[in-house]
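Next come the chains, spelled out residue by residue.
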Protein chains: 2
Amino acid sequence: MSSLREVAKQANVAVSTVSAALNGTRPVAAATRARIELAAADLGYRPNLLARGLVSKRTGILALLYPAPNRGFGLTEMQFATSAAEAASEAGYHLLLSPDKSDPVAELRHLTGVGLIEGVLLMEVRLDDERVDHLVAAGTPFSMIGRTRQPAGISYADIDFAATARDAVDHIVGLGHRTLAFLNHSPDAYAALYGPTVRCAEEFAVAAGDRGVEYLGDLHADSVEQGRAAFEWLATNRPDVTAVAVMNDHAAVGVLGAVADRGWRVPEDLTLLLVLSSVEVARMFHPRLTTLEPPSAELGRLGARMLIDQLQPDAGEGKTPRQQLVPCRLVVGESSGPPRRGAETGVPE
Amino acid sequence: MSSLREVAKQANVAVSTVSAALNGTRPVAAATRARIELAAADLGYRPNLLARGLVSKRTGILALLYPAPNRGFGLTEMQFATSAAEAASEAGYHLLLSPDKSDPVAELRHLTGVGLIEGVLLMEVRLDDERVDHLVAAGTPFSMIGRTRQPAGISYADIDFAATARDAVDHIVGLGHRTLAFLNHSPDAYAALYGPTVRCAEEFAVAAGDRGVEYLGDLHADSVEQGRAAFEWLATNRPDVTAVAVMNDHAAVGVLGAVADRGWRVPEDLTLLLVLSSVEVARMFHPRLTTLEPPSAELGRLGARMLIDQLQPDAGEGKTPRQQLVPCRLVVGESSGPPRRGAETGVPE
DNA sequence: TTGTATGCGTTATCAA
DNA sequence: TTGATAACGCATACAA
């Protein structure tokens, strides 16, 4: 409420001196500085961000761009947002929540056009993402949670899918399993270009290959019914499969249901792994599922930090983008066990 | 990027005329208005929000205050945020995410002090809430999702707990139940003043009384173990109880586990109700649980709308606060059934 | 070491 | 109907 001018008057100095003293932007005599700080504290002075931003082009506002929650915006995505907001707040920045509905690029153009935004934090980045192209072209500082197919030169924090897959495969190999089925998201237009969907499948295949584990990909389920169907198909056609990794929580519900219907039990007859789900969710199952929990909070925090680092004036133009991968945390639940005996029998072909 | 001045030059008029034409703030000749609009579109003009806010005190930015997600930040809370953001965006406003960590009032003072915020949307409102007191005292426009003990004069959108409890009780009465146990949150310092915790318990008691259903309150569980313990206590001491309503998802997991251990089944031997959980969550259970789903998206939207309405200049000072209650949606799952036969036997005392 | 003056892009108050 | 012009609160180049 109180302006720089009022502080100046109260401290008997010029406005510019107050500004300098408070921002440390030029040397100020210790005595006057003390007077100024006293006056400022006394009046409860707060610099007006609008005025400051108007002249300095630095608003301290970051935009978090997330897709409209058509595709399940879950706990994980929320964690990105809240931890990013927290990291921003710790650095003196503010985070603006920007749902991009129909036209993300238009929304982006608007946000930067009105001079509100200093930088953008991108969520739910796809392998090919028009938002990225636009931001690069416009020269707007940004960083990503997730990454495009070719993220060279762009700051991002993403899941280390390779390490995650290795951990998962090592886990089941340690239990004695020799085959692994991977239930991915349904191959709709979205999943086809969605980073986690694509990369998880790839890296699980690689990790399985490295460990000599037979890998069954090409299975998909995004609902209870589809999960159920997928397991039934497996039980019929590949009864030798002893371990299943599932990307979608509801699909896991279906698998568990089908397993029970068949008179099987988890983990005695089947080892079930949740991929990219929080322990919070894994705990809702009975038995408590083993899960690869995404480092959501850390990714959100990292993404925000990276963006903020870019915005620091001393960062210069020759700044190297930071790119960081963080593996999921393997949290072993009650759904992990050795393969059932005699699983080799009944292998078709 | 391009300023009002450039548009003015291009259209051969004064800046003030451009401003007037674009904002409709004073009559402008049709011809010149056309010229101006053409020039503006041509240059891709966007009004600078900082400059505008500096003079008009209207920034178009709303702050969403939410508690640091220590206490389970679930799907529900997430929905508030996203739907509020969406509603704000539709009205041309922006939503700032403000985690209030240690000192919410200081955070609030900061936000309004720097002139960034036009109004505040409060989440997780408690029966006695210092943030509310501060906002009222400071004269900052705000609205609440949830409400305090005495919300007179303040705009809010909250759950209609009375209607919700009635629906729930009617549901089980319709099935033939005569007793209902209510598993509330654990009575820690937080829950003691948390609206839903308190109001749900009260209204369930009232609704049960109205329908002649025996009500067992004073039960609490916020974890799997506590849920398990609670059910075991019930089975031992009140084997006549045939229906249980649970506030906490994890507690429900515990109840289900204990039910199974006892050789009982849901819904044959016990009807289980989730209270204030999304179907998304209810579906994760086996059997799929009946739930009273909170109208999160609607509340978020309503809260934002109410705040925005307050901010309209034509709202005047004599504006009546809007207060709206929305009941939960009863979604019947597979955990609802008639009471088991012979439940009356074995009633202690 | 400090003060003066100018401008950032708008809106709003005047005259014209 | 339109055009100057003064704020809004701050940062900064320049003068003292």
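Cut-offs applied
Residues numbered from 1 in each chain as written. Chains lettered and ligands numbered in written order. Predicted model: local features only at pLDDT ≥ 70, side-chain atom pairs only at ≥ 80, totals over all residues. Heavy atoms only, no water. Helix = DSSP H or I, 4+ residues; strand = E, 2+ residues; numbered from the N terminus. Rg over C-alpha atoms; globule rule 2.2 N^0.38 Å. Buried < 20%, exposed > 50% of the residue type's maximum accessible area, 1.4 Å probe, protein only. Phe/Tyr/Trp six-rings, centres within 6.5 Å; stacked < 30°, edge-to-face > 60°. Lys NZ or Arg CZ within 6 Å of the ring centre and 35° of its normal. UniProt positions renumbered as here; feature names shortened; annotations may be inferred. Domains from an automatic or database assignment. Near = heavy atom within 4 Å. Polar contact = N/O pair within 3.5 Å; in protein donor to acceptor, adjacent residues only side chain to side chain. Nonpolar A, V, L, I, M, F, W, Y, C, P; charged D, E, K, R; others polar.

Looking at an unreviewed UniProt entry, one finds chain A named LacI family transcriptional regulator and attributed to Micromonospora endophytica.

Before going further, it helps to examine the overall build of chain A. Counting secondary structure elements, chain A contains 14 helices and twelve strands. The C-alpha atoms of chain A give a radius of gyration of 26 Å, which is well past the 20 Å a tight globule of 349 residues would have. A principal-axis box enclosing the C-alpha atoms of chain A has dimensions of 90 × 35 × 35 Å. Buried positions account for 56% of the 349 residues belonging to chain A.

It is worth spelling out the packing of aromatic side chains at this point. Evaluated as defined, the whole model comprises six aromatic pairs over all chains. For the ring pair Phe182 of chain A and Phe204 of chain A, a centre distance of 4.8 Å and an interplane angle of 35° mean the geometry is tilted. Of this pair, Phe182 of chain A sits in strand β6 (residues 179-184) while Phe204 of chain A sits in helix α10 (residues 195-210), and the two are 22 residues apart along the sequence. Their ring planes at 75° and their centres at 5.8 Å tell us that Phe231 of chain B and Trp264 of chain B sit as a pair that is edge-to-face. A residue pair is termed long-range when its members are at least 10 positions apart, and Phe231 of chain B in helix α11 (residues 224-237) and Trp264 of chain B in the loop between α12 (249-261) and β9 (271-275) qualify at 33 residues. A relative accessible area of 4% means that Phe231 of chain B is categorised as buried. Taken together, the ring pairs connect Phe182, Phe204 and Tyr215 of chain A into an aromatic cluster. Over the ring of Trp264 of chain B we find Arg262 of chain B, and its NZ or CZ is 5.9 Å from the ring centre.

Moving on, we come to the UniProt feature "domain: HTH lacI-type" (unreviewed entry) in chain A. The UniProt record annotates "domain: HTH lacI-type" (unreviewed entry) at residues 2-56 of chain A. Taken end to end, residues 2-56 of chain A is 71% helix and 0% strand, and its first and last C-alpha atoms sit 20 Å apart.

Let us look at the domain arrangement of chain A. Domain annotation of chain A identifies domain 1 (4-47), domain 2 (61-159 + 296-327) and domain 3 (161-294). Distance from the C-alpha centre of domain 1 of chain A to the C-alpha centre of domain 2 of chain A: 36 Å.

Turning to the protein's contact with DNA strand C, a few remarks are in order. Around DNA strand C there are 26 residues in total, and Thr17, Arg26, Ala29 and Thr32 of chain A together with Leu4 of chain B lie nearest to it. Among the atoms of DNA strand C lying within 4 Å of the protein, the sugar-phosphate backbone contributes 61%. Arg46 of chain B has a polar backbone atom sitting 3.4 Å from a phosphate oxygen of DNA strand C. Within the backbone of Ala51 of chain B, a nitrogen or oxygen atom sits 3.5 Å from a base nitrogen of DNA strand C. Across the surface near DNA strand C, the residue classes tally to twelve nonpolar, nine polar and five charged.

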